[in-house]
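One letter stands for each residue in the lines below.
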Amino acid sequence: MRVSYLIFIASILITSSCTTKKSNKDSHGQDNTDQKESKLILAKDVHSYANIEDIRTKHLHLELDVNFENKKIYGIARHEMSDHNVNQAIFDIKGLEIIKITTGIKNENNVDFTIGEYSEQMGRALNVAINNDTKFINIYYQTTEKTEALDWLAPEQTTGKQHPYLYTQGQAILTRSWIPLQDSPLNRITYSADVKVPQGVIALMSAKNPRERNDDNLYHFEMKQRIPSYLIALAVGDMVYSSLGDNCGVYSEKELAEDCIYEFTDLPKMIAAASAIYGEYQWDQYDIVMLPYSFPFGGMENPRLTFANPTLLTGDRSSTSVIAHELAHSWSGNLVTNATWDDFWLNEGFTVYFENRIMEALYGKEEADILATIEYQDLLASIETIENSEHPEDSHLKLHLDGRAPDDGMTDIAYVKGAFFLRTLEQAAGRELLDEFLNNYFVKHSFQSITTEDFLSDLKKDLLEPHNIEFNAEEWIYQPGMPENHAEITSPRLNKMIQLANDLNEGGKIDKAFENKTRGDFTTQEWLAFVRTLNSSTPHSVMLALNNQFKFSIEGNSILKSDWFKLCARAGFRDVQDDMQAFLVKIGRRWLVEGVYQELMNSNSKSDHLFARETFKKASSSYHFVTRTTIAEIVK
Ligand code: BES
Ligand code: ZN
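Everything in this summary refers to the structure shown in the same document.

### Comments concerning the overall build of the protein
1) Next: The number of helices and strands found in the protein is 20 helices and 21 strands.
2) Next: The C-alpha radius of gyration of the protein comes to 25 Å, within 12% of the 26 Å expected for a compact globule of 636 residues.
3) Next: Projected onto its principal axes, the C-alpha coordinates of the protein cover approximately 80 × 65 × 50 Å.
4) Next: Out of the 636 residues belonging to the protein, those deemed buried represent 61%.
5) Next: Counted over contacts in the protein with a minimum sequence separation of 6, partners at least 24 positions apart contribute 72%.
6) Next: On the protein, roughly 25600 Å² of surface is accessible, and the fraction owed to carbon and sulfur atoms is 48%.
7) Next: A distance of 2 Å separates the average location of the 62 positive side-chain charges in the protein from that of its 92 negative side-chain charges.

### Remarks on the site of ligand 1
1) Next: Every one of the 17 residues lining ligand 1 counts as a neighbour, but Gln171, Gly298, Glu301, Glu326 and Tyr415 are closest to it.
2) Next: Interatomic distance of 3.2 Å between a backbone N/O atom of Gly299 and a nitrogen atom of ligand 1.
3) Next: Surface burial for ligand 1 is 90%, taken as the share of its 520 Å² of free accessible area covered by protein chains.
4) Next: Among the secondary structure elements, those contributing two or more residues to the shell around ligand 1 are strand S18 (299–300), helix H5 (320–328) and helix H6 (344–363).
5) Next: Considering each element in turn, the shell around ligand 1 owes the most residues, three residues, to H5.
6) Next: Along the lines of polarity and charge, the residues of the shell around ligand 1 split into seven nonpolar, six polar and four charged.
7) Next: Inspection of the shell around ligand 1 shows a minimum of three residues originating in each of domain 2 (239–327) and domain 3 (331–478).

### A few points about the nonpolar core
1) Next: Membership of the largest hydrophobic core comes to 144 residues, with the highest contact counts inside it found for Met205, Ile232 and Phe421.
2) Next: Apart from residues no more than four positions distant in its own chain, Ile232 is found in contact with Leu60, Leu62, Thr168, Trp178, Ile179, Leu181, Ile189, Tyr191, Met205, Ser206 and Ile227.
3) Next: Of all hydrophobic cores here, the second largest spans 49 residues; its members include Leu504, Phe514, Ala529 and Ile587.

### Describing the pattern of salt bridges
1) Next: One pass over the full model with this rule turns up 33 salt bridges.
2) Next: As a salt-bridge pair, Glu108 and Arg78 come within 2.8 Å of each other at their nearest N and O atoms. Of this pair, Glu108 sits in the loop between strand S4 (96–103) and strand S5 (109–110) while Arg78 sits in strand S2 (residues 72–81), placing them 30 residues apart in sequence.
3) Next: Residues Arg431 and Glu360 are paired through a salt bridge, measuring 3.1 Å at the closest nitrogen-oxygen approach. Pair noted here: Arg431 is in helix H9 (residues 431–444) and Glu360 is in helix H6, with a separation of 71 residues, a long-range link.
4) Next: In this structure, a network of salt bridges that share partners links the residues Asp378, Arg532, Asp563 and Lys566.

### Considering the packing of aromatic side chains
Centre distance and the angle of the planes are the two values used to describe a pair of aromatic rings.
1) Next: Applying the stated criterion across every chain, the model contains 40 aromatic pairs.
2) Next: Both rings, one in Phe344 and one in Tyr415, keep their centres 6.0 Å apart while their planes meet at 80°; by these two values the pair is edge-to-face. Here Phe344, found in helix H6, pairs with Tyr415, found in helix H8 (residues 412–429); they are 71 residues apart in sequence, far enough to count as distant.
3) Next: Owing to a relative accessible area of 6%, Phe344 belongs among the buried residues under this scheme.
4) Next: Note on Phe350 and Phe455: the rings are 5.2 Å apart at their centroids and 85° apart in plane angle, and the pair reads as edge-to-face. Linking Phe350 in helix H6 with Phe455 in helix H10 (residues 452–464), this pair joins segments that are 105 residues apart in sequence.

### Section: the pairing of strand S11 (residues 189–196)
1) Next: Within S11, six of the eight residues are buried, which leaves the element mostly enclosed by the surrounding structure.
2) Next: Bridge analysis of strand S1 (residues 57–67) against S11 gives seven bridges, and the strand direction is parallel. Its bridge partner being in S11, Leu62 is matched across the sheet by Ala193.
3) Next: Across seven bridges, S11 lies against strand S13 (residues 218–227) in antiparallel orientation. Residue pairing for S13: Ile189 is matched across the bridge by Ile227.

### Side note on the coordination of the zinc ion (ligand 2)
1) Next: Within the protein, His325 (NE2), His329 (NE2), Glu348 (OE) and Glu348 (OE) serve as the donor atoms for the zinc ion (ligand 2), at 2.0 to 2.8 Å.
2) Next: Geometry at the zinc ion (ligand 2) is irregular, judged from the six donor atoms that bind it and their angles of 53 to 160° at the metal.
3) Next: Mapped onto the sequence, the donors of the zinc ion (ligand 2) take the spacing H-x3-H-x18-E. One end of the pair, His329, is in the loop between H5 and strand S20 (336–338); the other, Glu348, is in helix H6, and 19 residues separate them in sequence.
4) Next: Relative accessible area serves as the criterion here: at 2%, Glu348 is assigned to the buried category.

### As for the sheet that holds strand S7 (residues 124–129)
1) Next: Spatially, S3-S7-S6 is the arrangement adopted by the three strands of the open sheet, whose pairing is antiparallel. Of all strands in the sheet, those with a lone pairing partner are strand S3 (88–93) and strand S6 (113–115), marking the two edges. For this sheet, the mean angle separating the axes of adjacent strands, direction not counted, is 20°.

### Quick word on the packing of H8 against H10
1) Next: At a minimum axis separation of 13 Å, H8 and H10 run at an interaxial angle of 15°. In terms of their interaxial angle, H8 and H10 are classed as roughly parallel. For H8 against H10, the interelement crossing comes out right-handed. Contacts between H8 and H10 involve Phe421, Leu425 and Ala429 on the former and, on the latter, Phe455, Leu459, Leu463 and Leu464.
2) Next: Per-class residue counts for the contact of H8 with H10 are seven nonpolar, no polar and no charged.

Thresholds applied
Residues numbered from 1 in each chain as written. Chains lettered and ligands numbered in written order. Predicted model: local features only at pLDDT ≥ 70, side-chain atom pairs only at ≥ 80, totals over all residues. Heavy atoms only, no water. Helix = DSSP H or I, 4+ residues; strand = E, 2+ residues; numbered from the N terminus. Rg over C-alpha atoms; globule rule 2.2 N^0.38 Å. Buried < 20%, exposed > 50% of the residue type's maximum accessible area, 1.4 Å probe, protein only. Contact = heavy atoms within 4.5 Å. Areas by Shrake-Rupley, 256 points an atom, 1.4 Å probe, with all protein chains shown as cover. Lys, Arg positive; Asp, Glu negative; His and termini not counted. Charge placed at Lys NZ, Arg CZ, Asp CG, Glu CD. Near = heavy atom within 4 Å. Polar contact = N/O pair within 3.5 Å; in protein donor to acceptor, adjacent residues only side chain to side chain. Nonpolar A, V, L, I, M, F, W, Y, C, P; charged D, E, K, R; others polar. Domains from an automatic or database assignment. Core = buried A, V, L, I, M, F, W, Y, C linked by side-chain atoms within 4.5 Å. Salt bridge = Lys/Arg side-chain N within 4 Å of Asp/Glu carboxyl O. Phe/Tyr/Trp six-rings, centres within 6.5 Å; stacked < 30°, edge-to-face > 60°. Pairing = 2+ DSSP bridges. Donors = N, O, S within 2.8 Å, 3.2 Å for Na, K, Ca; no water. Tetrahedral: all angles 85-135°; square planar, octahedral: opposite > 155°, others 65-115°. Axes fitted to C-alpha atoms, helices over the stretch in contact; angles between N-to-C directions. Parallel < 35°, antiparallel > 145°, perpendicular 65-115°, else oblique. Left-handed = near helix turned anticlockwise from the far one by under 90°.

In short, geometric facts, not functional conclusions.
Next up, the structure:
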């Protein structure tokens, strides 16, 4: 079964690689060869109801009215469909109210539709009755308070406090909660939009964006490159644009503009470095939008417009690797996309590897190794957690998430084991050959969604076999944990900090090591390695002295704060609880708050559980759905 499947893939790949240069452009100037479409049949996306193997959206035009009073978007989603031979088109919806559906472009006719049963995981199927010759399907809808993608903020929750704010988060399968569509990364579409907003705010999308607010409060958008649905994104707020270079800049509330310019000043160099490694940047413009603190991620790679969390404004440029990461997704993820959420490592593992290459190009190998070493520390902890969990098979790169949320695959396995796969492959093949292979991979599969098996077959055919390279790719992809041949990365500077922390763990005195030292004597990454190595046996007197001297609980990088609070919770050190609570209430970046709540709930003391629950009560209304549901699960 597997063998014939692989042969089938191989033959498709051969056909498509022979034809990618031939142009077969549709009305939106995009390549839509049949060969590319036929690949869709191969993979099955268990997280979508859509019948994309029969009929699929080619272009989506959105007409949106953003209403802050009702916290609703009133929309029309106009789908231009592929040629087909079926009498029903199935879309994904979740928490949406469908008002009516029509077909046609100038003369619209109402058509029948039915809505399927609700699944907590996937929402509902929207079945639309059509004819063989139906080309346009127009879905009139409104969002509801059950929407999972949208975060509506009151003016008080913004920095400027004058205007409300709205942003969306689509990945992995939340787009269906603000747009009725075929919500699968297997399909790629171009899109356009007309968006109406209230006075005083600007609308931005993952598309060609305005630089300034206009007086009629109506904005038009075009995304001419084909993208998967999870990359459709919208942000609305009172923002200004600051240019950072020829083709890049940052949108933010005006109060944050200067900090953004300082923090992201190296962006043009990053774009140049990335393009030099894996080929020309394909999306024309690269901008960042600085969202409110509630944004559940550090960054999200929406094409042309990375969404960023203000925790990246560290004041010391110690989180710029997140921008390198989101930029890297312009190749791995946005240009070549995971076909299903089981192939998520193709997005994130490649991106973490590429992010590190960009950091190396800008700041040198020592800095890049420091970052990779810290990731590796995280990975070891995650593997242990996963191996002792209900799903030990989650430590395979290729996942099987049927019946589960795609979110379950968002672990260090995809990110860091994935990156170590490529680092180890780099050692086996040499950087030059690996880069040549990856350059070809990005060209060959650009604007395609591919499976792990597609990649594996390319790897063998284009790299391993022609150059006689031995590499245990299958073990990496289909077996648990870390294969023994994994690349070893160490950092002497971090080792020194780890040593210092171990001394303290064993009862050492703080004045000996840290006399006359200030926070600025070590970099944020060095402090991270230090704090992570401290364990709960560190005496409270030492923790208090450290906090007084270095202000971990109130100053600087939020990742370091989060790690410090995790340690405090684990050690039952409660002197910093006020700072901890202020942090958890202000910041909605899931990864930073999740671990702190988890440590509090792991505690043996009931008062820690109570504190976690009270804090969540104060914070939850300001969290995005993504963070709220994760934390609710932890504190319940
Ligand atoms: N694409 C991810 C965020 C994501 C993944 C959202 C899956 C929803 C589902 C983004 O590129 C990311 O990885 N962000 C990280 C950055 C980090 C690894 C440098 C984050 O937010 O912390
Ligand atoms: Zn990522």
